[in-house]
Amino acid sequence: MNIQPENAKNRPFFDVSTMLGRSMRHIFRSLDTIITVTIMPIAFMLLFVYVFGGAIRTGTDNYVNYLLPGILLIAIGTGMSYTAARLFADKQGGLFERFRSMPIAPSSLLWGHVLTSLVSNAISLIVILLAALLIGFRSPAGLLAWLAVVGILALFTLSLTWIAVIAGLSANSIDGAAAFSYPIIFLPFISSAFVPTASMPGPVRAFAENQPVTSIVETIRALLAGQPAGTEIWTALAWCLGILVVAYWLAMRVYKRQTA
Amino acid sequence: MPKNETAITVKGLRKSYRNVPVLQEVDFEVEKGTVFALLGANGAGKTTIVKILATLLKPDGGSAFVNGFDAALQPDGVRRSISLTGQFAAVDEVLTGRENLILIAKLRHLDNPRAIADDLLNAFGLTEAGGRRVSTYSGGMRRRLDIAMSLTGSPAIVFLDEPTTGLDPEARLEVWKLVKQLAESGTTVFLTTQYLEEAEQLADRIAILHQGRIIADGTLTQLKSLFPPAKVEYIEKQPTLEDIFLSVIAQKEER
C-alpha cells in the first residue's frame with residue numbers, strides 16, 4: 001500500500017495546469033458559454049450603434065470606437081457569472097472535497113478556475129472585437145498601446161474573477177452564484193461607456209465619474225484612439241489593483257473558513 | 001512516523017456546529033488492513049467524523065491520527081495516505097470516465113496516467129463506457145467510477161462515506177464486492193453506513209455512533225454477545241423481493 005511521496009508541494013504549477021486543462025475542456029464542450037457571453041454584448045453594441053447611436057452626441061464621428069471599451073467590460077462582467085457557476089458546481093458536486101482531501105496545493109484548486117476565467121474571457125473579447133471590426137471599429141493605436149489595453153483588461157478580469165470566486169464559494173444555489181454579476185454588468189451603463197457623463201444630472205454624474213468603470217473605459221478609449229491616456233490610467237490601475245487585493249483577501253478568508 | 005499497527009486512532013474527538021454538539025468525546029481505533037464500519041442513523045455524525053479524518057474539517061477538541069499523522073496538524077501527510085469517497089459521487093460530469101481517472105492520476109503525480117486510467121477502467125468494468133461523458137452514466141456506473149478514482153494510486157487508507165446509499169440492489173452488491181477485494185489487497189477501509197446488513201457483510205469491526213457518541217464497538221461476534229441469545233424459530237423461507245429481483249436481473253444480464 002502506498003503513501004504518496006512528499007513531492008506534491010514542489011509542483012504547484014503542474015497542478016494548476018492540470019486543473020486549467022480540466023476546466024478548459026468544460027468550456028470547449030459547452031461552447032454556449034462563449035456564445036452567451038459574447039452574444040449579449042454584441043447585441044448591445046448593435047443596438048447602441050444602429051438604434052440609439054444616431055441620437056447620442058459624444059463628440060466623435062465613430063460611435064463604435066466610443067462604445068467598444070464599455071461593451072468589452074460588459075462582456076467580462078457576463079463571463080464572471082460563469083466562473084462563479086463553475087466553482088459552485090465543483091463545490092456542490094463533491095469534487096471540491098475530493099480535491100481538498102488530496103495532497104495538492106489548495107491554491108491550485110482556485111487558480112485553475114481563475115486562469116480558466118482569464119482564458120475564456122480573452123476568447124470572448126476577441127470574438128467581440130472581430131464583430132466590432134465588422135461594423136466599423138478602427139484604431140490607429142500602436143503595439144504598445146494595444147499591450148496596455150490587453151494588460152488593463154486582464155487585470156480587470158482578474159480582479160472581478162476573485163469576486164466571482166467569493167460568490168462561487170459562498171452561494172447556496174447556482175442562480176445565486178451567477179446573480180452577483182448583474183450589478184457588475186449594469187455598472188458600465190452609469191459611466192461614460194455609452195454617453196459622456198456631462199449630460200447626466202448632478203448626483204448621477206458624480207457617481208458615474210467616480211466609479212471604477214469610467215476610468216477604465218476612458219483609459220482604454222484613449223489608448224485605442226492613439227491618444228495619451230493621461231492620469232486616468234493610474235486611476236484605472238489603482239481601482240483594478242485595489243479590487244484585486246481586497247477580493248483575493250476575502251476569497252481566501254471564505255475558503256479557509258469553509259475548511260475550519 | 002511511528003511504526004504501529006493502527007491505521008486510525010481517534011481520542012476524545014469533539015465537534016460542534018453553532019453550539020450544537022455533533023460529536024462528543026468520540027474514541028475508536030482502526031487496525032491496519034481491516035474493514036471498519038461506522039454504523040449510525042442519519043445525522044448521527046458519521047460524515048463529520050469522515051470529514052475530520054480526511055482533513056476537510058478541524059475538530060474542536062481531541063485528536064485524530066491517520067497513518068501516524070495528526071489530521072489537524074499534518075494534513076499533508078494524511079492526504080498522501082488516504083482517499084475519500086464522499087456520500088455523493090464526486091465525478092466530473094463533463095469529462096469522460098477515462099479523463100476523470102487521468103485527472104486524478106495527474107493530480108497524484110503518478111507516472112503514465114493514461115495507462116493507469118485504462119487499467120482501472122478495465123478493473124471496474126468501465127472500458128467500453130470509458131470514452132463517454134459521465135453525464136450519460138447510470139448511478140451504479142458513476143459510483144464505480146467514483147471508487148476507481150479513489151483507488152487511483154492505491155492509497156493505504158480508503159474512506160467510503162455511505163457508498164451504497166441511493167444505489168439499486170445490483171449496484172450495491174457490486175460495491176460490496178469491491179470493498180471485499182480491497183480488504184483482501186491489504187487496504188484499510190473505513191466505511192460509514194446506515195444499513196446493518198452492510199456492516200455485517202463487510203466489516204471486521206463495527207462501531208455504532210449514536211447522538212455523537214460511540215455506544216458500542218467490537219467485532220460482530222462481540223456485538224452479538226451483548227444481546228440476548230438467539231432463540232430458535234421455525235419459519236418457512238419465502239424468497240424476498242430482492243432475491244427475485246436479483247435472479248431476474250441475472251438472467252437478463254449478458255455481463
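Residues numbered from 1 in each chain as written. Chains lettered and ligands numbered in written order. Predicted model: local features only at pLDDT ≥ 70, side-chain atom pairs only at ≥ 80, totals over all residues. Heavy atoms only, no water.

Trainee: Can you help me understand the overall build of chain B in this one?
Mentor: Check the secondary structure of chain B and you find nine helices and ten strands. Overall size of chain B, expressed as C-alpha extent along the three principal axes, is 55 × 45 × 35 Å. Buried positions account for 50% of the 255 residues belonging to chain B. Long-range contacts, defined here as pairs at least 24 residues apart, represent 67% of the contacts in chain B between residues at least 6 apart. Here chain B has roughly 12,800 Å² of accessible surface; of this, 52% comes from carbon and sulfur atoms. Between the mean site of the 30 positive side-chain charges and the mean site of the 33 negative ones, chain B shows a separation of 5 Å. (Helix = DSSP H or I, 4+ residues; strand = E, 2+ residues; numbered from the N terminus. Buried < 20%, exposed > 50% of the residue type's maximum accessible area, 1.4 Å probe, protein only. Contact = heavy atoms within 4.5 Å. Areas by Shrake-Rupley, 256 points an atom, 1.4 Å probe, with all protein chains shown as cover. Lys, Arg positive; Asp, Glu negative; His and termini not counted. Charge placed at Lys NZ, Arg CZ, Asp CG, Glu CD.)

Trainee: What is the right way to look at the pairing of strand β3 (residues 35–39) of chain B in this model?
Mentor: A regular strand places its side chains on the two faces of the sheet in alternate fashion. Residue and element names in this part refer to chain B. Most of β3 is tucked away: five of the five residues are buried. Across the two faces of β3 the burial is the same, with V35, A37 and L39 and F36 and L38 all buried. Bridge count between β3 and strand β8 (residues 188–193): five bridges; the pairing is parallel. Each residue of the ladder has a partner; that of L38, found in β8, is T192. Bridge count between β3 and strand β9 (residues 205–210): four bridges; the pairing is parallel. Paired with A37 across the strands is I206, a residue of β9. (Pairing = 2+ DSSP bridges.)

Trainee: Which parts of the structure should I look at to understand the pattern of salt bridges?
Mentor: Any two side chains of opposite charge can pair, so long as their charged atoms come close to each other. This structure, assessed with the given rule, holds 17 salt bridges over all chains. Residue R22 of chain A is joined to D90 of chain A by a salt bridge in which the shortest nitrogen-to-oxygen separation is 2.7 Å. Of the two residues, R22 of chain A sits in helix α1 (residues 12–29) while D90 of chain A sits in helix α3 (residues 63–93), which places them 68 residues apart along the sequence. Per residue, the accessibility class of R22 of chain A equals that of D90 of chain A, and both read buried. With a shortest N-O distance of 2.6 Å, R144 of chain B and E174 of chain B are connected by a salt bridge. (Salt bridge = Lys/Arg side-chain N within 4 Å of Asp/Glu carboxyl O.)

Trainee: Sorry, what's going on with the packing of aromatic side chains here?
Mentor: Aromatic rings considered in pairs are described by the distance between their centres and by the relative angle of their planes. Residues and elements named next belong to chain A. Under the criterion given, the structure shown has eleven aromatic pairs over all chains. Measuring from centroid to centroid gives 5.9 Å for Y63 and Y66, while their planes differ by 15°, and the two rings are stacked. Highlighted residues: Y63 and Y66, both in helix α3, separated by three residues, approximately one helical turn. Across the pair, Y66 and Y63 agree in class, each one buried. With a centroid separation of 5.3 Å and 75° between ring planes, the pair formed by W111 and W162 is classed as edge-to-face. Placement of the pair is W111 in helix α5 (residues 106–134) and W162 in helix α6 (residues 143–170), with a sequence separation of 51 residues. (Phe/Tyr/Trp six-rings, centres within 6.5 Å; stacked < 30°, edge-to-face > 60°.)

Trainee: Even after reading the chapter, I still don't get the nonpolar core, so can you show me in this structure?
Mentor: Note on soluble globular proteins: their nonpolar side chains tend to be buried together. By size, the foremost hydrophobic cluster in this structure holds 115 residues, and its most contacted members are M45, F99 and W162 of chain A. Ranked by residues supplied to this core, first place goes to α3 of chain A with 15 residues. Counting residues in hydrophobic clusters, the runner-up holds 32 residues, among them A64, L84, A156 and I157 of chain B. (Core = buried A, V, L, I, M, F, W, Y, C linked by side-chain atoms within 4.5 Å.)

Trainee: Just to check I follow, could you spell out the interface of chain A and chain B for this structure?
Mentor: Interface size, as often reported, equals the accessible area lost upon joining of the parts. Contacts between the two partners involve 32 residues from chain A and, on the opposite side, 41 residues from chain B. Scanning the region where chain A abuts chain B turns up twelve residue pairs in polar contact (both at pLDDT 80 or more). For the side of chain A that touches chain B, the secondary structure elements donating two or more residues are α1 and α4 (95–100) of chain A. Examining the composition of the side of chain A that touches chain B, we find that eight residues originate from one element, α1 of chain A, more than from any other. Among the residues making up the side of chain A that touches chain B, the classes are represented as twelve nonpolar, ten polar and ten charged. (Polar contact = N/O pair within 3.5 Å; in protein donor to acceptor, adjacent residues only side chain to side chain. Nonpolar A, V, L, I, M, F, W, Y, C, P; charged D, E, K, R; others polar.)

Trainee: Hey, could you run me through the sheet that holds strand β2 (residues 20–31) of chain B in this one?
Mentor: In a beta sheet, neighbouring strands pair by backbone hydrogen bonds and run either parallel or antiparallel. Residue and element names in this part refer to chain B. Here four strands make up an open sheet; going across it, the order is β2-β1-β4-β5 and the pairing antiparallel. Sheet topology places β2 and β5 (69–70) at the edges, where each strand pairs with a single neighbour. Inspection of the sheet shows strand β1 (residues 6–17) paired to strand β4 (residues 61–66) by five bridges, in the antiparallel sense. For V10, the partnering residue across the bridge sits in β4 and is A64. In the packing of helix α1 (residues 46–53) onto the sheet, the strands contacted are β1, β2 and β4, and the crossing angle to β2 comes to about 65°. (Axes fitted to C-alpha atoms, helices over the stretch in contact; angles between N-to-C directions.)

Trainee: When you look at the side chain of R172 of chain B in this model, what are you seeing that I'm missing?
Mentor: Among the structural elements, R172 of chain B can be located in helix α6 (residues 169–184). Sequence-distant contacts of R172 of chain B, defined by excluding residues within four places in its chain, comprise T164, L167, E197, E198 and E242 of chain B.

Trainee: I tried to follow the sheet that holds strand β10 (residues 213–218) of chain B on my own but got confused; where do I start?
Mentor: All names here are of chain B. Sheet architecture is open: six strands sit in the order β6-β7-β8-β3-β9-β10, paired in mixed fashion. Looking along the sheet, the strands with just one partner apiece sit at the ends: β6 (82–85) and β10. Adjacent strand axes in the sheet meet at a mean angle of 15°, parallel and antiparallel pairs treated alike. Here β6 pairs with strand β7 (residues 157–161) via four bridges, running parallel. Note on β7: the bridge partner recorded for S83 is V158. Strands β3, β6, β7, β8 and β9 of the sheet are contacted by α1, whose axis makes an angle of about 150° with β8.

Trainee: Honestly, the UniProt feature "transmembrane region" (unreviewed entry) in chain A in this entry has me stumped. Any pointers?
Mentor: All names here are of chain A. Under the feature "transmembrane region" (unreviewed entry), the UniProt entry names residues 31–52, 64–89, 110–137, 143–165, 177–195 and 233–251. Here residues 110–137 is 89% helix and 0% strand, with 36 Å between the C-alpha atoms at its ends. The annotated region residues 143–165 carries 100% helix and 0% strand content, and the separation between its end C-alpha atoms amounts to 32 Å. (UniProt positions renumbered as here; feature names shortened; annotations may be inferred.)

Trainee: Would you take a moment to explain a negative patch on the surface for this structure?
Mentor: A surface patch of negative charge is lined by E5, E29, E31 and D204 of chain B. Take E5 of chain B: it is sitting in the segment before β1. (Patch = residues over 30% accessible without salt bridge, like charges linked within 9 Å, V, L, I, M, F, W, Y side chains within 5 Å.)

Trainee: Explanation requested: the packing of α3 of chain A against α6 of chain A in the structure shown.
Mentor: If you want to describe how two helices pack, look at the angle between their axes and the distance between the axes. Residue and element names in this part refer to chain A. Where α3 contacts α6, the axes come no closer than 8 Å and their chain directions differ by 35°. As α3 runs across α6, the sense of the crossing is right-handed. Across the interface between the two elements, L72, L73, I76, G77, M80, T83, A84, L87, F88 and K91 from α3 touch L153, F156, T157, L160, T161, A164, V165, A167, G168, L169 and S170 from α6. (Left-handed = near helix turned anticlockwise from the far one by under 90°.)

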